[in-house]
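As a plain string of letters, each chain reads:
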Amino acid sequence: MKTIIVVGNGMVGYKFCEKLAAKEESKNFKIIVFGEEPRPAYDRVHLSEFFENQDAKALEMAPAEWYAENNIDLVVGERVSDINRTDKTITTAKDREFSYDYLVLATGSSAFVPPIKGVEKEGVFVYRTIEDLEGMLAYAAKIKENNPNAKAAVLGGGLLGLEAGKAVMDMGLEPHIVEFAPKLMPRQLDSRSSQVLQLKLESIGLNIHLSKATNQILGDKAITGMEFGEDDVLDVEMLVVSAGIRPRDELGKYSGLEMGTRGGIVVDNKMQTSDPNIYAIGEIALYNQMIYGLVAPGYDMAGVAVDQILGYTETLMPDEIDMSTKLKLIGVDVASFGEPFMPASKGHSIIFENKTQHLYKRINVSLDGKSLLGGILVGDASDYSMLHQIFLNGMAIPEDPAQLILPTTEGGASFGDVMDLPEEAQICSCENVTKGQICGTIESGESKELADVVSCTKAGTGCGGCKPMVKDLTEATLKSLGIEVKDSICEHFDFNRQDLYKIIQVKGYKTFNEVLDNHGNDGHGCELCKPVVASLMASINADTANKEYAIQDSNDRFLANIQRNGTYSVVPRVPGGEITPDKLIALGEIAKKYDLYTKVTGGVRIDLFGATLNQLPLIWKDLIDHGFESGHAYGKSLRTVKTCVGSTWCRYGMAESVSFGIELENRYRGIRAPHKIKGGVSGCIRECAEARGKDFGLIAVEGGWNLYLGGNGGATPRHAELFAEQIDNETVIKYIDRYLMLYMRTAKPLQRTAAWQERLEGGLDYLKEVIIEDKLGIAEDLDHEMQTLVNKFECEWTQAINDPEMMKRFNHFVNSEEDDDNLVFVPLREQKMPEKWV
C-alpha cells in the first residue's frame, strides 16, 4: 500500500482529503495529514464569525472523527520541519520521521508583517488563525479595563483588513483602518467604488486613513500609537496587522524545489513541483507565475492533484483561472468578476453610482457592445450571480448593456430565466459545480430540496456567493418536475407573499415590526422582506410609502426614480394623457426653473429629469400648487392608463376612450401591487393606445368593450388575452377590480401580471371562473377591498411636503447642504444630459 502525506490541514488540505476519500481508489492508499494548529481544518473565509460565538468547532470543515471514518490519520499540533527527497521521508518538529510515496504540500500562507520599527511590541497582532483572534479578545478586554474608550487600528485596507476592522469594532474598541494605498481593496476595486465603500464603512463607524505609510509603532513595551510622518500620529492601544499574505513555502525552499523569484513553489498544470513525487496546492503553489489567494482555485488544485495521483492524468488546471468573488464585507455587498479594471482600448465601462445609497455598479463590455468582460458591484450584489454567468458563458447581453445594472424603462430585469443557462455553466466556482450537476441530482431523485442539493454537490459551501443561483436552479428544477416548492420570501420569514398577505389582513398588523415580531425568525429583516411587507401594508391598509419609509426600496423611499448619475426624475400624473394648456405651461415653467430635462413618455405624460434629492420637495410643491399629484412612476403600482382620442375627436372612434381611461387611472392610482401596472383604452380596433400590451386593456367594439388581461412590455413582451367581450363600463370596472385584487393577493414579489397569469393553474379559464362566475365565493370580498383602497387614496407627495418630519429624508448629503459638484451635465439638443460614462 502506498502512502500519501499531506502537509497542511487548512481548507485546501482538507479539500484534498475530502476529494481523495470520495474516490474508490483511496482504499489503496495510507493517508497521513499533518496540521501545525491544535485543531482540524476550519473555515478561514468566515473567520470573523468566531467573534459572534467564539465557537471554534462551528467553523470546522469536518470533525476529527471524519478523518478516522475515512481511514485518514490526522496529526494536529505537529509541524513538519524537513523533507528528505532522496529517501522520500519527512521529519516533524518532534523529530518523528515518516515515509511517503506522494507528498502533497498545502501549507497555505502566513500573514505578511511589514518591517516597521516597533512592530514586535505588545498589543500588535496578526489576523490569521483562531489563536490570533483569541489573543486579540484577551488583550482588548485588558486595555478596556483601563480605558473604556480605547482605540485600535488595523494595518491594511484589503479584504481581511476590513473584516479585522469589524472584529475590532465588535470588541468595543474604536476602529481605525490604515491603508498604504490611496483606496480600499486596491486589488478588487477601482477608485470610485472604493470611495463608495469608504463612505458606507465610515457611516457605520469605521475610521478610514488612506495613503498612510507607517514609519514606526510608538510605545515602550506596549503599543501606544502609530507614526506616519512628522506630527502625523494616530494614538491607538492595539494594532492588527493584515497587510497581505506570504506563502508558507519554507519546506520547498529548504528541500531544493524550484521556487518563484518572490516566493511560492513552482507547479505545472498537474500541480506537480519540480519533484514528480511532490505536489503543491493552494496558496503556496506558484502557477502561471501567480499565487491565487482565493479558496476556489485552491479547491480546483486539490482536485487536480487527487486525480493525477490516482492516474487520471487528463485532469489538468486550466490556463485561465477565474478570480471572480462576492463577499458580504461588514454587512456590505462587494463583488467583482472577470476584468474589473480595463483599458479604454479594450472596451467600454458603464457605471452607475449613488453615493447617497452607497451603491456602485460598473460593468465592462467589449468595444462592439456584445460581450460582458467584467465588473464591480458595491452595496448591492444581487445581480452578481447572473452577471457572472453571462460573463463565464459568453451569453448575449441587451442591446443597451446599461440595462444589466439599471432597471429598464419598464422596470423589469434584463436577465433571462436561470434555466436558460447551458448545462455546463459553472454555478459554484469554489466547488466547481455546474448547472447540470445541480439539476441532475434533483432529476435523479437524489435531492428533494435545497439542503439535499448542497449536501450532494457541495455547491454554496465555499464563499457562498452562488447560493441565490443554486436556490433558483433548485426551485426551477423542482417545479419542472411538478414538485411543490416552498417559496418563503427570505430567511426572516417562513412564509411566501400570499401567506403574509393573509396573516397581515387577518391579524390587522400595522407595522413591519409587528409582523416580524409575531411571525418572523431571528434578525431585523432584510432588503427582500422589508419592501414586500411595505407593499402588503399598502395593498391591505392603503398605507402610503411615507408611513414606514425605512422599509421601502430606494425609489419608494424618496418617492422618485433614481437615474444613472444619482439624480432623480419627477413624474406628475396626467390621467389618460389629457392635460390643459395651463398645466402644460406650468410644467414647462417648473422645468425651466429647476433646469430639468423634459420628455414626453410612451405612457403619455411628461417626465422631468435631473433633480437632486433636496430639490424634489421644492419641485413637488410647485407642481401640487398647480393641481398636479404624484404619478407613482417610482412605485410598484398603477403607472398610466394610455388612451387614444376616441370618439371625442377621431372619426373612427367607437367609444369615449379618453373619459373612460381617465376614470380608470383615477380609480387605481396609488394602489400598490407586486409589480407595476399599466392600462390602455383604445376607441376602436385600430388600437392606437396599444391596449393589448398592457396589464389591462380595453378596445371599443360594437356593443361595448372587449377586455384584455395580462399583457406586458419590457424584456419579455406578451400580448394580453381576451377575457370578456362587449361589456359595459360598469362591468369592465368590476372585472378589473377583481382581477387586480386577486393578483395583489396571490402573486409573488416583483411578478408581473403576465407571469402570474401564465402560471395560474387553469390559466384564463380559471380566472373567468373566479372573476365572472365567483367560483371561490370571494368576489364580494374582492369588490369591497378594492373599493376601500379607492376611497382611501391620498397623494403621498402632498402628504410629504406638508409634514416637516417626512421632509428630513430629502437631503442630498447626510451632513451638508452643499451642492454635489460630482454631478456633471453636458448640452443635448437645447437641454442637458448627464455626462457620458467613461
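As the structure is a prediction and not an experimental result, all values here were calculated from the model.

A count of helices and strands for the protein gives 25 helices and 38 strands. When its C-alpha atoms are laid out on the principal axes, the protein stretches across 100 × 65 × 55 Å. Taking all 838 residues of the protein together, the buried fraction comes to 54%. At a minimum sequence separation of 6, the contacts of the protein that also span at least 24 residues come to 63%. Of the roughly 37,400 Å² that the protein leaves accessible, carbon and sulfur atoms contribute 48%. Taking the average place of the 88 positive charges on the side chains of the protein and the average place of its 124 negative ones, the gap between the two points comes to 2 Å.

This paragraph deals with the side chain of T474. Position of T474 relative to the elements: it lies in helix α12 (residues 467-480). By relative accessible area, T474 is classed as buried at 2%. Excluding anything up to four places from it in sequence, T474 contacts I438, I442, E449, L450 and V453.

Pairing in this open sheet of 4 strands is antiparallel, and the strands run β28-β29-β31-β30 from one edge to the other. Every other strand in the sheet has two partners, leaving β28 (561-562) and β30 (597-600) as the edge strands with one partner each. Note that strand β29 (residues 568-570) and strand β31 (residues 606-611) share 3 bridges and pair antiparallel. Counterpart to Y568 in the pairing with β31 is A611. Running at roughly 5° to β29, helix α18 (residues 616-625) makes contact with β29 and β31 of the sheet.

Our next topic: the packing of aromatic side chains. Taken as a whole and assessed by the stated rule, the structure comprises 18 aromatic pairs. Here a set of aromatic residues connected by ring pairs shows up, and it is made of F558, Y568, W620, W797 and F810. Over the ring of Y299 we find K15; its NZ or CZ atom is 4.6 Å from the centre of that ring. The ring of Y652 has R686 sitting right over it, with the charged end atom 3.8 Å from the ring centre.

Let us look at unusual backbone geometry. Even without a glycine there, the phi angle at N71 is positive, about 60°. With respect to the helices, strands and loops of the structure, N71 is situated in the loop between α3 (64-69) and β3 (72-76). On the basis of relative accessible area, N71 is assigned to the exposed category, the value being 63%. In this structure, E830 takes a positive phi of about 70° despite not being glycine. Examined against the element boundaries, E830 turns out to sit in the loop between β37 (825-828) and β38 (831-834).

The subject of this paragraph is the pattern of salt bridges. Counted by the stated rule, this structure contains 39 salt bridges. Here D622 ties to K593 by a salt bridge, and the two come within 2.9 Å at their closest N and O atoms. Of this pair, D622 sits in helix α18 while K593 sits in helix α17 (residues 581-593), and the two are 29 residues apart along the sequence. Given a relative accessible area of 55%, K593 falls into the exposed group. Across the pair D625 and K621 runs a salt bridge, and its minimum N-O distance is 3.2 Å. One end of the pair is D625 and the other is K621, both in helix α18 and 4 residues apart, which spans about a single turn. For D625, a relative accessible area of 51% gives the class exposed. You can call K621 partly exposed: its relative accessible area is 44%. Members of the salt-bridge network, linked through shared partners, are K15, E18 and K458.

Next up on the list: the packing of helix α20 (residues 729-746) against helix α22 (residues 763-771). α22 packs onto α20 with a crossing angle of 115° between their chain directions and a minimal axis gap of 10 Å. Taken together, the axis directions place α20 and α22 in an arrangement best described as roughly perpendicular. Judged by the sense of rotation from one axis to the other, the crossing of α20 with α22 is right-handed. Contacts from Y735, R738, Y739 and L742 of α20 reach α22 at L767, V770 and I771.

Right, let's get into the nonpolar core. Counting 122 residues, the largest nonpolar core has F16, L105, M271, I281 and W797 as its most contacted members. Counting residues per element, this core draws most heavily on helix α8 (residues 295-310), at 10 residues. Those residues in contact with F16, other than ones at most four positions away along the chain, are I4, V6, V104, I281, A302, A305, V306 and I309. Counting residues in hydrophobic clusters, the runner-up holds 61 residues, among them I503, C526, L709 and M744.

The next point concerns the confidence of the model for the protein. Within the protein, residue pLDDT values average 88, and 95% of them lie at 70 or more. Contacts from residues 407-414, a stretch scored under 50 in pLDDT, to residues over four places away or in other chains number 15 contacts.

Turning our attention to helix α9 (residues 384-393). Among the 10 residues of α9, 7 are classified as buried, and the element is accordingly described as predominantly covered. Every buried residue of α9 is listed here: Y384, S385, M386, L387, H388, Q389 and I390. G394 sits one or two residues past α9 and shows a positive phi near 60°.

What follows is about the side chain of E665. As for its position among the elements, E665 is in helix α19 (residues 657-668). Only 2.8 Å separates the side chain of E665 from the side chain of R573, close enough to count as a polar contact. Among the polar contacts made by the side chain of E665, one reaches the main-chain amide nitrogen of G576 at a distance of 2.9 Å.

The next thing to look at is the packing of helix α13 (residues 497-507) against α20. Interaxial distance between α13 and α20 falls to 7 Å at its minimum, and their mutual angle equals 105°. One finds that α13 runs roughly perpendicular with respect to α20. Here α13 contributes R497, Q498, Y501 and Q505 to the contact with α20, which in turn contributes M741, Y743, M744, R745 and T746.

So, about the sheet that holds strand β12 (residues 207-209). Read from one edge of the open sheet, 5 strands run β9-β16-β10-β11-β12, paired in parallel fashion. Each edge of the sheet is formed by a strand with only one pairing partner; in this case those strands are β9 (124-126) and β12. The average undirected angle you get between the axes of adjacent strands in this sheet is 25°. Of the pairings in the sheet, the one linking strand β10 (residues 151-155) to strand β11 (residues 174-178) comprises 5 bridges and is parallel in character. Directly across from L155, in β11, lies its bridge partner V178. Contacts from helix α4 (residues 130-146) reach β9 and β16 (238-241), with the element oriented near 155° to β9. Set on the sheet, helix α5 (residues 159-170) makes contact with β10, β11 and β16; between it and β11 the angle comes to about 165°.

Scoring rules and cut-offs
- Residues numbered from 1 in each chain as written.
- Predicted model: local features only at pLDDT ≥ 70, side-chain atom pairs only at ≥ 80, totals over all residues.
- Heavy atoms only, no water.
- Helix = DSSP H or I, 4+ residues; strand = E, 2+ residues; numbered from the N terminus.
- Buried < 20%, exposed > 50% of the residue type's maximum accessible area, 1.4 Å probe, protein only.
- Contact = heavy atoms within 4.5 Å.
- Areas by Shrake-Rupley, 256 points an atom, 1.4 Å probe, with all protein chains shown as cover.
- Lys, Arg positive; Asp, Glu negative; His and termini not counted.
- Charge placed at Lys NZ, Arg CZ, Asp CG, Glu CD.
- Pairing = 2+ DSSP bridges.
- Axes fitted to C-alpha atoms, helices over the stretch in contact; angles between N-to-C directions.
- Phe/Tyr/Trp six-rings, centres within 6.5 Å; stacked < 30°, edge-to-face > 60°.
- Lys NZ or Arg CZ within 6 Å of the ring centre and 35° of its normal.
- Salt bridge = Lys/Arg side-chain N within 4 Å of Asp/Glu carboxyl O.
- Parallel < 35°, antiparallel > 145°, perpendicular 65-115°, else oblique.
- Left-handed = near helix turned anticlockwise from the far one by under 90°.
- Core = buried A, V, L, I, M, F, W, Y, C linked by side-chain atoms within 4.5 Å.
- pLDDT = per-residue confidence, 0-100.
- Polar contact = N/O pair within 3.5 Å; in protein donor to acceptor, adjacent residues only side chain to side chain.

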